[in-house]
Amino acid sequence: MKRQDLTIKELTEAVGNGITPRMVRHYHTLGLLPQPQRSASNYRLYTQRDVQQLRQVVALKQQGFQLSHIQQLLKSGLETEVDSTAIAQLQQQYHTIVQQLARLRQTAAALEGVLGRDRDCQTIQAEALAQLRLLEVETQSGVGELEKLWHRLDAETTAHPEAFQESLQRLLPNLSDRSEIEADLLSKLVLACGDVSLVQFVRQSRDAIAAARNALKAGCQVVGDVTPVVAALDRTRLAHLKCPVETLIADSHIISAVEAEQAFWNDEQWQERLQKLANGCILAIGYAPSVLMSVCESIEQGQLQPALIVAMPIGFSHAPAAKRRLIRSGVPYITVEGTSGGGLLAAVALNALVESLIEKPDCHCYLSSL
């Protein structure tokens, strides 16, 4: 064995990230790694090039790519432009996954229709479920009877207000390891979008809640990226805390992420406002991903030091990149991983923190997670 050659164990140790010899052998089978040379004793031998390629595979996998996608990307060559055939294949796989997600979403919606019902609907729901079990041996008329039961169940919802918290108790994942304030924040975000799976994608720095409470107590400046975000903020409670509210891109005609992104590039006045923001402010960004990118750049250059950034911009290329840059910035943050987000979510997150501070000023449950 040459001195620069590595055994399979040394390869996995060099790459780290939980890679095992068994995984390496599997990657050989899939073609993600070339078959290695063998020593005179028939041991696999690896080079630094193998280390780099395996690190590439690990990095892509951590970004969410499936092994089949990684295989296609590596075939086309990451150093050069991905060819049109690979793009078409990836696009087809993407559409297949979206269809699978849609089917799963339909199943989740059906389960939510059962688990999300409150006590007042339980009796009728029990009848419907009992009828559902008999559908295998019933005729088409039986299906019609089931429809009638569901109609009765839906009619029951007009007799009383919806019990949101009762439904959330059944639908939310176990949040017992989260602080009371964080669990309340997550619940409010779910109620704002109606998607329980959002909980799995919310990311926040360990010091986010503490930083928010300290800044709000001090009457910090609160800044939204566009008018719709600022309009959704709880101005009454913020006024109670003596927190002034400002808008970066103060164009009342902006009603979408597309318009917010265009305003970012077309209107330089907001950049002047950005430079004038006070250190220790809280930023709520819910529309334009390029605004978040510019904020991160100002932080990196030492021109801005906010107490917290609530980052929920929407987008399919800039937004995920901007959120990753924010996470690396070292500034306290709350964000939603990937492409999802929106101005309402940004405002709801900040409003939840403001409400918890006013309603529970002496709560220190969040400190246990620091």
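Here we summarise the structure given alongside this text. Remember, it's a predicted structure, so these values are computed and weren't measured experimentally. (Residues numbered from 1 in each chain as written. Predicted model: local features only at pLDDT ≥ 70, side-chain atom pairs only at ≥ 80, totals over all residues. Heavy atoms only, no water.)

### Description of the nonpolar core
Just so we agree on the cut-off: As used in this record, nonpolar core signifies buried Ala, Val, Leu, Ile, Met, Phe, Trp, Tyr and Cys residues forming a set joined through side-chain atoms within 4.5 Å. Note on exposure labels: buried denotes an accessible area under 20% of the residue type's maximum, exposed denotes more than 50%, and partly exposed covers the range between, all computed with a 1.4 Å probe on protein chains only. Only DSSP runs of H or I with at least four residues qualify as helices, and only runs of E with at least two residues qualify as strands; both kinds are numbered from the N terminus onward. Whether two residues are in contact is decided by their heavy atoms: any pair within 4.5 Å suffices.
If you look at the biggest cluster of nonpolar residues, it comprises 76 residues, and the most contacted ones within it are Leu 216, Val 222, Leu 248, Leu 283, Val 291, Val 295 and Ile 309. Here the element with the most residues in this core is helix H17 (residues 343-359); it accounts for 10 residues. Setting aside chain neighbours within four positions, we find Ile 309 in contact with Leu 283, Ile 285, Leu 292, Val 295, Ile 299, Leu 326, Val 331, Pro 332, Tyr 333 and Ile 334. Grouped together as the second largest cluster of nonpolar side chains are 19 residues, Ile 8, Val 15, Val 51 and Leu 90 included.

### Quick look at the packing of helix H8 (residues 164-171) against helix H9 (residues 180-193)
Two measures define how a pair of helices packs: the angle their axes make with one another and the distance between the axes. As a reminder of what qualifies: To obtain each axis, a line is fitted to C-alpha atoms, and for helices this fit is confined to the stretch in contact; angles are then taken between N-to-C directions over 0 to 180 degrees. Angle categories: roughly parallel below 35 degrees, roughly antiparallel above 145, roughly perpendicular from 65 to 115, and oblique for all the rest. Three classes are used: nonpolar for Ala, Val, Leu, Ile, Met, Phe, Trp, Tyr, Cys and Pro, charged for Asp, Glu, Lys and Arg, and polar for all others, with Gly counted as polar.
Axis separation between H8 and H9 bottoms out at 11 Å; the angle between their running directions is 105°. One finds that H8 runs roughly perpendicular with respect to H9. Touching Phe 164, Gln 165 and Leu 168 of H8 are Ser 187, Val 190 and Leu 191, all from H9. Considering only residue class, the contact of H8 with H9 consists of four nonpolar, two polar and no charged.

### Topic: the packing of helix H10 (residues 208-217) against H17
Note the threshold: Crossing chirality is assigned from the near helix's rotation relative to the far helix, an anticlockwise turn below a right angle marking it left-handed and a clockwise turn marking it right-handed.
Axis separation between H10 and H17 bottoms out at 10 Å; the angle between their running directions is 65°. Viewed along their axes, H10 and H17 adopt a mutual orientation that is roughly perpendicular. In the crossing of H10 with H17, the sense of the turn from one axis to the other is right-handed. Listed contacts from H17 to Ile 209, Ala 212, Arg 213, Leu 216 and Lys 217 of H10 are Leu 353, Val 354, Ser 356 and Leu 357. Of the residues assigned to the contact of H10 with H17, the class counts are six nonpolar, one polar and two charged.

### Here we look at the pairing of strand E6 (residues 282-285)
Rules: Two strands qualify as a pair provided DSSP detects at least 2 bridges between them.
Side chains of E6 alternate between two faces, with Ile 282 and Ala 284 and Leu 283 and Ile 285 buried alike. As paired elements, strand E4 (residues 222-226) and E6 share three bridges and run parallel to each other. When the bridges of E6 are listed, Val 223 appears paired with Leu 283. Relative to strand E7 (residues 308-311), E6 is paired through four bridges, and the arrangement is parallel. The residue of E7 that forms the bridge with Ala 284 is Val 310.

### Quick word on the pattern of salt bridges
Applicable threshold: A pair is scored as a salt bridge if a Lys or Arg side-chain nitrogen falls within 4 Å of a carboxyl oxygen belonging to Asp or Glu.
Summed over the entire model, instances satisfying the criterion amount to 12 salt bridges. Note that Asp 195 and Arg 105 form a salt bridge whose closest N and O atoms lie 3.6 Å from each other. A residue pair is termed long-range when its members are at least 10 positions apart, and Asp 195 in the loop between H9 and strand E3 (202-204) and Arg 105 in helix H5 (residues 84-115) qualify at 90 residues. With relative accessibility at 27%, the residue Asp 195 sits in the partly exposed group. Measuring nitrogen to oxygen at the nearest pair gives 2.0 Å for the salt bridge that ties Glu 180 to Lys 360.

### Observations regarding the state of the cysteines
Inclusion rule: In what follows, a disulfide is any cysteine sulfur pair within 2.5 Å.
Applying the stated criterion to the full structure yields zero disulfides. The thiol of Cys 281 is unpaired, and the distance to the nearest cysteine sulfur, on Cys 220, comes to 7.4 Å.

### Notes on H10
A large share of H10 lies buried, amounting to eight of its 10 residues. With its phi angle positive at about 70°, Gly 219 sits one or two positions after the end of H10.

### A short note on the packing of aromatic side chains
For clarity, the threshold we go by: Side-chain rings of Phe, Tyr and Trp (the six-membered ring for Trp) are treated as a pair once their centres are within 6.5 Å; stacked means planes under 30 degrees apart, edge-to-face means over 60, and tilted covers the remaining angles.
By the definition in use, this model includes two aromatic pairs. Judged by centre distance (4.7 Å) and plane angle (85°), the rings of Phe 264 and Trp 265 are edge-to-face. Owing to a relative accessible area of 58%, Trp 265 belongs among the exposed residues under this scheme. Where Phe 264 meets Trp 270, the ring centres are 5.0 Å apart and the plane angle is 40°; that geometry is what we call tilted. Like Trp 270, Phe 264 is buried. Clustering of aromatic rings is evident, with ring pairs tying together Phe 264, Trp 265 and Trp 270.

### Observations concerning the sheet that holds E4
Read across the open sheet, the six strands follow the order E3-E8-E7-E6-E4-E5; overall the sheet is mixed. Of all the strands in the sheet, just E3 and strand E5 (245-249) have a single pairing partner and so form its edges. If you compare each strand with its neighbour and ignore which way they point, the axes differ by 15° on average. Bridge count between E4 and E5: four bridges; the pairing is parallel. By the bridge assignment, Val 226 is partnered in E5 with Ile 249.

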